[in-house]
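What the coordinates show
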Amino acid sequence: MKSKILVVDDEEHIRELICFYLNKEGFSVIEAENGEEALDLLEKEYVDLAIVDIMMPVMNGFDMVEELRSFKDTPVIMLTAKAQSTDKLRGFSLGIDDYVTKPFDPEELMARVKTILKRYSINAQNVVQLHDVIFDGDKYEIRYQEEIIHLPLKQFELAFELAKNPNQIFTREQLIEKIWGMDYDGFDRTVDVHIKRVRENLGHLPGFKVVTVRGLGYKIEVDR
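About the thresholds
Residues numbered from 1 in each chain as written. Predicted model: local features only at pLDDT ≥ 70, side-chain atom pairs only at ≥ 80, totals over all residues. Heavy atoms only, no water. Salt bridge = Lys/Arg side-chain N within 4 Å of Asp/Glu carboxyl O. Helix = DSSP H or I, 4+ residues; strand = E, 2+ residues; numbered from the N terminus. Buried < 20%, exposed > 50% of the residue type's maximum accessible area, 1.4 Å probe, protein only. Pairing = 2+ DSSP bridges. Axes fitted to C-alpha atoms, helices over the stretch in contact; angles between N-to-C directions. Contact = heavy atoms within 4.5 Å.

**Overview of the pattern of salt bridges**
The tally for this structure, following the rule as stated, stands at 17 salt bridges. The residue Lys 114 makes a salt bridge to Glu 25 at a minimum N-O spacing of 2.7 Å. A residue pair is termed long-range when its members are at least 10 positions apart, and Lys 114 in helix H5 (residues 106–123) and Glu 25 in the loop between helix H1 (12–24) and strand E2 (28–32) qualify at 89 residues. Take Lys 114: its relative accessible area is 40%, and that puts it in the partly exposed class. Overall, the relative accessible area of 29% leaves Glu 25 in the partly exposed class. Note that Arg 112 is salt-bridged to Asp 98, the shortest N-O span being 2.8 Å.

**Thoughts on the sheet that holds E2**
Here we have five strands laid out as an open sheet, ordered E2-E1-E3-E4-E5, and parallel in their pairing. Of all strands in the sheet, those bounded by a partner on one side alone are E2 and strand E5 (98–101). The average angle at which neighbouring strand axes cross in this sheet is 20 degrees, direction not considered. Summarising the sheet, strand E1 (residues 4–8) and strand E3 (residues 49–53) pair through four bridges and their orientation is parallel. If you follow Val 7 over to E3, its bridge partner there is Ile 51. Across the sheet, helix H2 (residues 35–44) touches E1 and E2, and the angle it forms with E2 is around 135 degrees. Contacting strand E4 (76–80) and E5, helix H4 (residues 85–93) crosses the sheet at an angle of about 150 degrees to E5.

Worth remembering: the numbers are spatial, not functional.
So, in structure tokens, the structure goes:
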């Protein structure tokens, strides 16, 4: 699954340069010309990382990141012509992850992007994304665009376990052990009942479906 990167800069040629290298590395890219436009995008779309310029019209990078941190923890690389330590300190105090000064080496920027994405991937094992649907194991919720779905606990745990391992088949016994525990001595068809309810609650979401593999078990099948 491609990581989605947001590039925020009022200079079109800078955006084009960054987008060229990001696309070359296999990332999905969206763009914004200023902080206000970027925030509008971030309220509607999930992105894995944002590359943000400081000096922009309408809303600068500092104000944008400060506003962003009120509702999302998206990783941020600040990209700017300002090299003063006070600007770097202000950026890091707002929670940015890295700081790159113009003019920059695109290959170095790509390396920094990959490093941050890898770090967040390790630290975010409790969040799974299937296309545009996010399974949040910390908040016990499923998000799609502006929709937030709260399932009963066992339904969520079941859906989350399948989502963490897309296209992997789990037997009833494996799911019972993982979700209900080895000491569970109830009716094993309870998995079937919960799978049915998960389908009912999540069946309208795009990008994946819960599949029964006859004689074997269940899996989440992700669209290509």
